[in-house]
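Each chain is listed here by its residues.
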Amino acid sequence: MKAINCTEISGVSYVGGIVGQETYNTTNSSSTYYSIQGAYVENCTNIVGTGSNIGGVAGYSNGTIYAAAVNKSTIKGISSVGGIAGYYVGSTTQSSSYVSCQTFYIRNSLCTNSTVKTTSGNYAGGIAGTFEYGNIQYCYVGNTDISSTSYGAGGLIGYLKNAKTQSMQYISKVMNNYIANTNGTTKVSANDQVGGLIGKMDRVIEADSTKNTDNYEDTYLEDVYGSNLIVTNIAA
């Protein structure tokens, strides 16, 4: 799947360089099937939406993205704008007993030499604008300007959302990712909640007294690197 030298890919919400919205539902928590694999986007000067969930590869993704690449492209929308996925939800099923890094993820993907920005709303990220119920592993963001006109901008994720899901034990892992700026000019910026890696992160641990076992949600950061990053709080 490729999109190369596209002048404009546009819509309202759920706009992506390859897929606007994709949903992959499964009750098998050990599934390793890829929803999107090997997608490549280059020299797309205007992947744009006048609404939310705008991504270099997928506007909205529910499943797995593997080996996706975006280079020399501009991605912009109102809110939840990402270099790979605008809004990523790893799993919406409530029947799986455990969701781990082998289950749903964005993996081995990169966004380079690009611009990712919200035009009036929140959450811009080099890989995902908003990321919920899944894992990001072995991804790379390089020389990419990431900005939110409001709040929530991160070199990797604008908003890592980790909220309670009924009847599910859930662990999110963000590990072995790298964000780099080799040209000395690209930056991550927002009015508030701006981070070199993650703009905003929820970490919730909550027991469910109505179940025999506790539900728990946790977030792990491991081996995530940043190099020569310029991080700016616009409102400061």
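Re the confidence of the model for the protein
Mean pLDDT over the protein stands at 80; residues scoring 70 or higher make up 71%. The element-level mean pLDDT for the protein is lowest in strand β15 (residues 98-99), coming to 50, with strand β8 (residues 52-55) highest at 98. The low-confidence segment residues 27-31 (pLDDT under 50) makes 10 contacts with residues lying over four places distant or belonging to another chain. Within the model, pLDDT remains below 50 along residues 205-217, and this stretch shows 32 contacts once partners closer than five positions in the same chain are excluded.

Focus: unusual backbone geometry
Apart from glycine, the bulk of residues carry a negative phi angle, and the bulk of peptide bonds sit in the trans form. For tyrosine 14, which is not glycine, the phi dihedral falls at a positive 55°. Mapped onto the elements, tyrosine 14 comes out in the loop between β2 (9-11) and β3 (15-16). For tyrosine 14, a relative accessible area of 37% gives the class partly exposed.

Remarks on the sheet that holds strand β28 (residues 192-195)
Read across the sheet, six strands follow the order β3-β8-β13-β19-β24-β28 without closing on themselves; strand pairing throughout is parallel. If you trace the sheet from one side to the other, it starts and ends with β3 and β28, each paired once. Pairing analysis gives two bridges linking strand β19 (residues 124-125) to strand β24 (residues 151-154), with the strands arranged parallel. Within the sheet, the bridge partner assigned to alanine 124 lies in β24 and is alanine 153.

Describing the sheet that holds strand β20 (residues 128-132)
Spatially, β4-β9-β14-β20-β25-β29 is the arrangement adopted by the six strands of the open sheet, whose pairing is parallel. Two strands close off the open sheet at either side, each with one partner strand: β4 (19-23) and β29 (198-201). The sheet shows a mean angle of 10° between the axes of neighbouring strands, taken without regard to direction. Pairing geometry for β4 and strand β9 (residues 58-62), over four bridges, is parallel. Within the sheet, the bridge partner assigned to valine 19 lies in β9 and is alanine 58.

Topic: the side chain of asparagine 143
With respect to the secondary-structure elements, asparagine 143 resides in the loop between β22 (140-142) and β23 (145-147). If near-sequence neighbours (up to four positions away) are discounted, asparagine 143 is found in contact with Asn113, Ser114, Ala180, Asn181, Thr182, Asn183 and Thr186.

Conventions and cut-offs
- Residues numbered from 1 in each chain as written.
- Predicted model: local features only at pLDDT ≥ 70, side-chain atom pairs only at ≥ 80, totals over all residues.
- Heavy atoms only, no water.
- pLDDT = per-residue confidence, 0-100.
- Helix = DSSP H or I, 4+ residues; strand = E, 2+ residues; numbered from the N terminus.
- Contact = heavy atoms within 4.5 Å.
- Buried < 20%, exposed > 50% of the residue type's maximum accessible area, 1.4 Å probe, protein only.
- Pairing = 2+ DSSP bridges.
- Axes fitted to C-alpha atoms, helices over the stretch in contact; angles between N-to-C directions.

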